[in-house]
2 protein chains.
Amino acid sequence: MYIGIDLGGTNIAVGCTDDAGNLIAKNSLPTLSGRSYTEIVKDMAALCERTVSDANAGMNEIKAIGIGSPGTIDSKNGVVVFAANLKMEKAPVAAELGKYFDIPIFMENDANAAAYGEYIACGHKTDSFVFITLGTGVGGGVIIDNKIYRGFNGAGAEIGHMTLRMDGNECTCGKRGCFETYASVTALRKITAEMMEKNPESIMHEWVKNRGQISGRTAFECAVKGDKAAIETRDTYIRYVAEGILSVVNIFQPEILVIGGGISKEGDVLLNPIKEYVYKYDFNKFMPKTDIRIAKLYNDAGIVGAAMAAKNMAEI
Amino acid sequence: MYIGIDLGGTNIAVGCTDDAGNLIAKNSLPTLSGRSYTEIVKDMAALCERTVSDANAGMNEIKAIGIGSPGTIDSKNGVVVFAANLKMEKAPVAAELGKYFDIPIFMENDANAAAYGEYIACGHKTDSFVFITLGTGVGGGVIIDNKIYRGFNGAGAEIGHMTLRMDGNECTCGKRGCFETYASVTALRKITAEMMEKNPESIMHEWVKNRGQISGRTAFECAVKGDKAAIETRDTYIRYVAEGILSVVNIFQPEILVIGGGISKEGDVLLNPIKEYVYKYDFNKFMPKTDIRIAKLYNDAGIVGAAMAAKNMAEI
């Protein structure tokens with residue numbers, strides 16, 4: 001059995017999996033970020049014990065622990081180098097958790113961990129796999145030959161920060177035109193707001209009034225009802241996502257590319273036009289095409305991936 | 001010893017290398033593309049024998065032959081699936097050359113072969129290496145864990161066809177805004193022509209009159225003399241190149257990224273502003289930075305890379 005920990009800015013989620021990555025038990029606690037890493041790790045350790053107990057097991061049955069964390073992670077040394085939303089800098093989280101458990105402990109960037117989780121959930125080994133998550137930002141993870149690809153410094157696979165439109169939208173990273181500024185849910189909300197302003201007759205106004213605020217679902221739900229402005233909003237957004245995925249496909253030609261994040265719950269409405277666009281324009285005209293799919297694990301991808309990545313690392 | 005073959009639309013170049021990839025002898029012949037692949041391979045075989053003889057060796061000392069070819073290559077089966085400028089479709093080039101020599105023969109995409117050559121020329125093994133060549137088009141090659149990364153279908157690493165500016169310049173691939181349409185020498189010539197038209201006082205007009213045509217060197221050479229329009233042309237072009245390399249760095253965070261192609265002979269004039277731009281804007285703020293370099297082998301990268309990739313494949 002393995003433990004996977006998804007250390008987020010809001011919650012710490014801990015899961016206990018079997019050797020194949022099936023989730024047996026899970027629990028979560030608020031992170032209360034801003035606390036010292038030692039306090040956070042103390043809660044994390046207690047949550048591990050509770051979750052293992054919920055799985056009717058003992059800590060002695062756990063072969064390894066994997067921790068997925070946002071920010072820049074030094075996987076080799078198990079250190080959170082910098083994570084703005086955890087308010088951590090050079091925090092030796094793995095070593096700290098090692099004070100509680102005498103078990104191999106590994107750290108991973110959270111998007112990489114989620115990618116590995118979805119890779120495991122795809123059920124078969126492929127030598128090239130890409131995961132793109134559309135959330136507050138756009139995250140990415142690349143699995144090559146059953147290994148998480150991190151680049152030489154651990155900071156690789158920042159697919160959200162490839163340029164989609166040079167000199168375009170301003171990004172929080174300091175440059176302009178990043179894929180993330182067009183394809184994140186944050187971007188979708190912005191496009192929705194702009195379209196609503198231009199289209200006072202759109203039923204999106206009523207939708208937002210009833211629910212209190214614009215969300216990533218506003219345009220998708222109103223488009224189904226035939227609202228023109230909503231359809232245009234949705235299709236504009238989907239084309240941005242598709243254009244970025246097209247670049248990723250031309251670069252990696254992965255056997256499988258999985259789209260995750262909250263917006264991926266839209267399913268075929270999102271997936272089909274992306275496939276159509278990518279298959280029409282990708283540079284590969286003669287060889288088999290990338291299988292583009294919607295994520296399976298959603299919020300559990302991080303804990304399953306962290307657990308399975310730890311298994312992989314422990315076996316090397 | 002190994003043989004590397006660079007099968008181009010214009011010339012076939014054959015090189016004989018030692019086990020470390022040092023070029024001992026090389027020769028070339030016009031491809032005369034449009035001929036059948038059997039005729040081309042016949043010339044190729046004769047050129048192999050002549051080159052091995054020039055290296056004071058015999059074919060029995062050759063351990064493997066590598067062929068780099070443009071277009072879509074099926075490496076596993078040694079087939080040119082499709083190559084427009086060779087006018088070849090489903091041509092079993094490796095098997096055909098095998099009729100002449102009873103030696104392991106491997107095929108590779110030409111950009112991948114050149115990437116592998118520059119990787120070998122870097123002299124030490126790195127687990128992440130990217131090569132970008134700025135020529136008529138923009139080619140790319142990615143080496144991960146000492147292996148050429150091809151994607152699951154052999155069509156990967158088409159870095160020239162990632163989007164740099166969505167809805168931008170039209171590309172020969174059928175989509176718009178590809179990196180290649182901004183960063184190739186073809187693009188530089190176009191930018192130069194446009195700037196010349198807008199600036200009749202520029203000394204670029206005289207440069208072009210003296211040499212008969214605009215080239216990739218026009219702006220670089222006139223900029224050195226202080227010509228404002230030439231400086232603007234050069235700097236605009238360099239920023240396009242830098243923006244694409246920035247995306248590649250954010251995605252791969254390679255330990256080494258090498259820039260090749262004719263324009264890379266400009267050296268530091270090209271390299272330094274690219275480094276400055278990438279190091280300023282890349283997403284990695286806390287870990288070591290990618291070492292960005294100018295190519296070492298230039299035109300020999302293809303033959304050395306094909307030879308060494310064949311060595312690598314033969315040893316697996």
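Just so we're clear, the structure is a prediction, and the values are computed from it rather than from any experiment.

Here's the deal with the relation of the copies chain A and chain B
Part 1 of the argument: Each copy of the sequence occupies a distinct position, and chain A is placed on chain B by a rotation of 180° and an axial shift of 0.0 Å, giving an RMSD of 0.0 Å. Taken together, the rotation and translation describe the operation of a two-fold axis. Taking the C-alpha atom as reference, chain A places A:Arg165 closest to the rotation axis, 2.0 Å from it.
Part 2 of the argument: The residues that chain A uses at the interface reappear at the interface of chain B in 100% of cases, marking a shared surface.

With respect to the sheet that holds strand β4 (residues 64–69) of chain B
Residues and elements named next belong to chain B.
Part 1 of the argument: Pairing is mixed across the open sheet formed by five strands, whose spatial order is β3-β2-β1-β4-β8. What marks the edges here is a single partner per strand, and that holds for β3 (23–30) and β8 (105–109). With strand direction ignored, the average angle separating the axes of adjacent strands in the sheet is 15°.
Part 2 of the argument: Judged from the five bridges that link them, β4 and β8 form a sheet pairing that is parallel. Within the sheet, the bridge partner assigned to Ile67 lies in β8 and is Met107.
Part 3 of the argument: Where helix α10 (residues 301–315) meets the sheet, its contacts fall on β1 (2–7), β2 (11–17), β3, β4 and β8, and the angle it forms with β1 comes to roughly 130°.

Let's talk about the interface of chain A and chain B
Part 1 of the argument: With 48 residues of chain A at the interface, the matching set in chain B holds 48 residues.
Part 2 of the argument: Where chain A abuts chain B, roughly 4,600 Å² becomes buried across the two surfaces, and 63% of that area is made up of carbon and sulfur atoms.
Part 3 of the argument: It is A:Phe152, A:Met166 and A:Ile251 that lose the most area in chain A upon contact with chain B, and together they represent 17% of the buried surface on that side.
Part 4 of the argument: The tally of links between chain A and chain B comes to eight salt bridges.
Part 5 of the argument: Residue B:Arg239 pairs with A:Asp167 through a salt bridge whose shortest N-O separation is 2.6 Å.
Part 6 of the argument: Where chain A packs against chain B, one counts 26 residue pairs in polar contact (both at pLDDT 80 or more).
Part 7 of the argument: Residue assignment for the side of chain A that touches chain B shows that the elements contributing at least two residues are β5 (72–74), β6 (79–83) and α8 (228–252) of chain A.
Part 8 of the argument: The element best represented in the side of chain A that touches chain B is α8(A), accounting for eight residues.
Part 9 of the argument: Residue composition of the side of chain A that touches chain B, by class: 21 nonpolar, 13 polar and 14 charged.

Thoughts on the packing of helix α5 (residues 185–198) of chain B against helix α8 (residues 228–252) of chain B
Residues and elements named next belong to chain B.
Part 1 of the argument: α8 packs onto α5 with a crossing angle of 150° between their chain directions and a minimal axis gap of 10 Å. In this structure, α5 crosses over α8, and the sense of that crossing is right-handed. Side by side, α5 and α8 meet where Leu188, Ile191, Thr192 and Met195 of the first sit next to Ala229, Glu232, Thr233, Tyr237 and Tyr240 of the second.
Part 2 of the argument: By residue class, the composition of the contact of α5 with α8 is six nonpolar, two polar and one charged.

A closer look at the environment of B:Asp110
Part 1 of the argument: With respect to the helices and strands, the residue B:Asp110 is situated in helix α3 (residues 110–121).
Part 2 of the argument: It is 16 Å that separates the C-alpha atoms of B:Asp110 and B:Lys87, two residues lying 23 residues apart in sequence.

Examining the packing of aromatic side chains
Part 1 of the argument: Inspection of the entire model under this criterion finds 15 aromatic pairs over all chains.
Part 2 of the argument: With a centroid separation of 5.4 Å and an interplanar angle of 40°, the aromatic rings of A:Tyr116 and A:Tyr119 are classed as tilted. Residue A:Tyr116 and its partner A:Tyr119 are located together in helix α3 (residues 110–121), separated by three residues, close to a single helical turn.
Part 3 of the argument: You can call A:Tyr119 buried: its relative accessible area is 3%.
Part 4 of the argument: Aromatic pair A:Phe252 and B:Phe252: ring centres 5.1 Å apart, planes at 40°, arrangement tilted. Taken together, the residues A:Phe252 in helix α8 and B:Phe252 in helix α8 connect one chain to another. Here A:Phe252 and B:Phe252 have matching classes, each one buried.
Part 5 of the argument: One aromatic cluster in this structure is built from A:Tyr149, A:Phe252, B:Tyr149 and B:Phe252.

Focus on unusual backbone geometry
Residues and elements named next belong to chain A.
Part 1 of the argument: The phi angle at Lys90 is positive, at roughly 45°, despite the residue not being glycine.
Part 2 of the argument: For Lys90, the location among the structural elements is in strand β7 (residues 88–91).
Part 3 of the argument: A positive phi angle is found at Asp145, which is not glycine, with a value near 50°.
Part 4 of the argument: With respect to the helices and strands, Asp145 occurs in the loop between β10 (138–144) and β11 (147–148).

Topic: the pattern of salt bridges
Part 1 of the argument: Per the counting criterion, the structure on display carries 31 salt bridges over all chains.
Part 2 of the argument: A:Arg176 serves as the salt-bridge partner of A:Glu170, at 3.4 Å between the closest nitrogen and oxygen.
Part 3 of the argument: Under the relative-accessibility criterion, A:Glu170 is labelled exposed at 60%.
Part 4 of the argument: Among the charged side chains, a network of salt bridges with common partners joins A:Arg165, A:Arg239, A:Glu243, B:Asp167 and B:Lys175.

What about the side chain of A:Ser75?
Residue and element names in this part refer to chain A.
Part 1 of the argument: Here Ser75 shows up in the loop between β5 and β6.
Part 2 of the argument: Here Ser75 falls in the buried class, since its relative accessible area comes to 12%.
Part 3 of the argument: At 3.1 Å, the side chain of Ser75 forms a polar contact with the backbone oxygen of Met107.
Part 4 of the argument: Ser75 has contacts with Met107, Glu108 and Arg150, leaving out every residue within four places of it along the chain.

Observations regarding α5(B)
All names here are of chain B.
Part 1 of the argument: Between its terminal C-alpha atoms α5 stretches 20 Å, which fits the 20 Å expected from 14 residues at 1.5 Å a residue.
Part 2 of the argument: Restricting attention to buried positions, one finds in α5 the residues Val185, Ala187, Leu188, Ile191, Thr192, Met195 and Met196.
Part 3 of the argument: Of the surrounding elements, those touching the buried residues of α5 are β9 (128–134), α4 (180–183), α6 (204–211), α7 (218–224) and α8.

Quick look at the environment of B:Ile245
Part 1 of the argument: Mapped onto the secondary structure, B:Ile245 falls in helix α8.
Part 2 of the argument: Placed 46 residues apart in sequence, B:Ile245 and B:Asp291 show a C-alpha to C-alpha distance of 12 Å.

As for the packing of α3(B) against α10(B)
Residue and element names in this part refer to chain B.
Part 1 of the argument: It is at 6 Å that the axes of α3 and α10 come closest, and there the two elements cross at 85°. As summarised for this structure, α3 and α10 are arranged roughly perpendicular, according to the angle between their axes. Here Ala113, Ala114, Tyr116, Gly117, Glu118 and Ile120 of α3 come into contact with α10, specifically with Ala301, Gly302, Val304, Gly305, Ala306, Met308, Ala309 and Asn312.
Part 2 of the argument: Across the contact of α3 with α10, the residue classes break down as nine nonpolar, four polar and one charged.

Let's talk about the nonpolar core
Part 1 of the argument: Ranked by internal contacts, the top residues of the largest apolar core, which has 100 residues, are A:Ile132, A:Tyr237, A:Ile245, B:Ile132, B:Tyr237 and B:Ile245.
Part 2 of the argument: Among all residues touching A:Tyr237, those that are not within four sequence positions of it are A:Leu134, A:Tyr182, A:Ala183, A:Ser184, A:Leu188, A:Ile191, A:Phe220, A:Ile263 and A:Leu270.

Considerations on the confidence of the model for chain A
Part 1 of the argument: The predicted model of chain A has a mean per-residue pLDDT of 96, with 100% of residues at 70 or higher.
Part 2 of the argument: Here the predicted complex scores 0.95 on pTM and 0.95 on ipTM.

Topic: the sheet that holds β7(A)
Residues and elements named next belong to chain A.
Part 1 of the argument: Taken in spatial order, the three strands make up an open sheet running β5-β6-β7, and their pairing is antiparallel. The strands lining the two open edges of the sheet, one partner per strand, are β5 and β7. Sheet twist, expressed as the average angle between the axes of neighbouring strands with direction ignored, equals 20°.
Part 2 of the argument: Of the strand pairs in this sheet, β6 and β7 are connected by three bridges, and their pairing is antiparallel. Residue pairing for β7: Phe82 is matched across the bridge by Glu89.

Reading guide: rules and limits
Residues numbered from 1 in each chain as written. Chains lettered and ligands numbered in written order. Predicted model: local features only at pLDDT ≥ 70, side-chain atom pairs only at ≥ 80, totals over all residues. Heavy atoms only, no water. Least-squares fit on C-alpha atoms with pLDDT ≥ 70 in both. Contact = heavy atoms within 4.5 Å. Pairing = 2+ DSSP bridges. Helix = DSSP H or I, 4+ residues; strand = E, 2+ residues; numbered from the N terminus. Axes fitted to C-alpha atoms, helices over the stretch in contact; angles between N-to-C directions. Buried area = accessible area lost by both parts, 1.4 Å probe. Salt bridge = Lys/Arg side-chain N within 4 Å of Asp/Glu carboxyl O. Polar contact = N/O pair within 3.5 Å; in protein donor to acceptor, adjacent residues only side chain to side chain. Nonpolar A, V, L, I, M, F, W, Y, C, P; charged D, E, K, R; others polar. Left-handed = near helix turned anticlockwise from the far one by under 90°. Phe/Tyr/Trp six-rings, centres within 6.5 Å; stacked < 30°, edge-to-face > 60°. Buried < 20%, exposed > 50% of the residue type's maximum accessible area, 1.4 Å probe, protein only. Expected span 1.5 Å × (residues − 1). Parallel < 35°, antiparallel > 145°, perpendicular 65-115°, else oblique. Core = buried A, V, L, I, M, F, W, Y, C linked by side-chain atoms within 4.5 Å. pLDDT = per-residue confidence, 0-100.

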